[in-house]
Amino acid sequence: MAMIDLRSDTVTKPTPAMRRAMMEAEVGDDGRLDPQGMGEDPTMNRLEAMAAALLGKDRALFVPSGTMGNVVALMTHCRRGDEVVVGDKAHVLNIEKAIFEEEFFGLIPVTIPDPAGKLDLALLEKALKTKPIRLVCVENTHNFAGGAAVPPEHLQKVQALAHAHQVPVHMDGARLFNAATALKIEARVLAATVDSVMFCLSKGLSAPIGSMIAGTGPFMQRAWERRKLLGGQMRQAGVVAAAGIEAIQNMVSRLEEDHQKARVLARVLAETGGLKAPENFHSNMIKLDLTSLNFSAKEFQAEMARRGVKVHIHAPTEIRLVTHKDVSEAECLQAAQIISQFWKERRREMA
Ligand SMILES: *Cc1c(COP(=O)(O)O)cnc(C)c1O
């Protein structure tokens, strides 16, 4: 049975154009700097310059993963033991974890509710006034808020509060371009609300490997050193940078298609399965709360696998569907019908 894989946009495979670009990439040793302080890999230099320009930042740096990008950025802003404001449902806190674990990087989280992906501003202000906060973290799109796109108006308020206390802001923008697409603005407008930003090339943008961090020149110089210490510096990295260039040039503009597919999926779930439109549904993710079915996410996942749809477990009674390049609109429609059918059967059983 051909499976429809809606687990994540991380499953996307590189395009033929990426494969070609990777094969033909001009490369050098990215860990060795020329007298101007540039790495010796010309393709990587091109990717980093493109990313910096796109985000309106001085400089950008390639990192092997989004997780390492956040670690490098946070450990450049902070030292072990520093207190960092972070949303209580933030990916960096709940999934990546190592930044806030004593035996790893030892930052101390000051958690604030972030319903709909937005930090509670009153609690943020209180934290900034009462604690020696070193950094504020935001996330966009917000993964655990169902792919919510956080608008610049909110982020500007976060920035104003933080900067009033001389505290910088970092954005986990793993899906920054999904946020910009959903909000119909340039990514640089979102990047302008923060001091540093990370985005993934490897998710909806479909590159095989890699993320970028971007910020001011002096910050990025220190980030470059941190990346080296963490083992994130690579050699003929142009092989992967070539795919990243393709991702930035040709994959950003197609993210709207993924959002359109998610809208189709949501509409069919609502119409045929009676599932109410999920909260904060803005981009390529749909959260489904299974509590009304009296079914665990694990059982649901197994049942869907039997019927040909792969889903991701988000919480014990919550699953997540993610649209991406490698599922068609027809497949999304089919998946919605499979899920709706099961939903109706289950409700009938329970009645
Ligand atoms: C995927 C993701 C990351 C981490 O990226 P990896 O490349 O998987 O390490 C960080 N933050 C958010 C919000 C993500 O969705």
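Residues numbered from 1 in each chain as written. Predicted model: local features only at pLDDT ≥ 70, side-chain atom pairs only at ≥ 80, totals over all residues. Heavy atoms only, no water.

(A) Spatial organisation of the site of the ligand. Gly66, Thr67, Asp172, Arg175 and Lys203 are the nearest of the 14 residues found near the ligand. Between the ligand and His91 there is a distance of 3.3 Å, counted from a nitrogen atom to a side-chain nitrogen or oxygen. Between the ligand and Arg175, the relevant distance is 2.9 Å, taken from an oxygen atom to a side-chain nitrogen or oxygen of the residue. When the ligand is considered free in solution it has 380 Å² of accessible area, and contact with the protein chains removes 85% of it. (Near = heavy atom within 4 Å. Polar contact = N/O pair within 3.5 Å; in protein donor to acceptor, adjacent residues only side chain to side chain. Areas by Shrake-Rupley, 256 points an atom, 1.4 Å probe, with all protein chains shown as cover.)

(B) Summary view of the sheet that holds strand β9 (residues 285-289). In space, the three strands of this open sheet follow the order β9-β12-β11, with antiparallel pairing throughout. With partners counted over all chains shown, the strands left at the sheet margins are β9 and β11 (312-315), one partner each. Strand-to-strand twist in this sheet, taken as the mean axis angle between neighbours without regard to direction, amounts to 35 degrees. Relative to strand β12 (residues 318-322), β11 runs antiparallel, the two being bridged by three bridges. For His312, the partnering residue across the bridge sits in β12 and is Arg320. (Pairing = 2+ DSSP bridges. Helix = DSSP H or I, 4+ residues; strand = E, 2+ residues; numbered from the N terminus. Axes fitted to C-alpha atoms, helices over the stretch in contact; angles between N-to-C directions.)

(C) The arrangement of the domain arrangement of the chain in detail. The domain boundaries assigned to the chain delineate domain 1 (12-250) and domain 2 (254-350). Facing 21 residues of domain 1, the contacting portion of domain 2 comprises 17 residues. A combined buried area of about 1600 Å² lies between domain 1 and domain 2, and 54% of that area is made up of carbon and sulfur atoms. There are eight residue pairs in polar contact (both at pLDDT 80 or more) connecting domain 1 and domain 2. (Domains from an automatic or database assignment. Contact = heavy atoms within 4.5 Å. Buried area = accessible area lost by both parts, 1.4 Å probe.)

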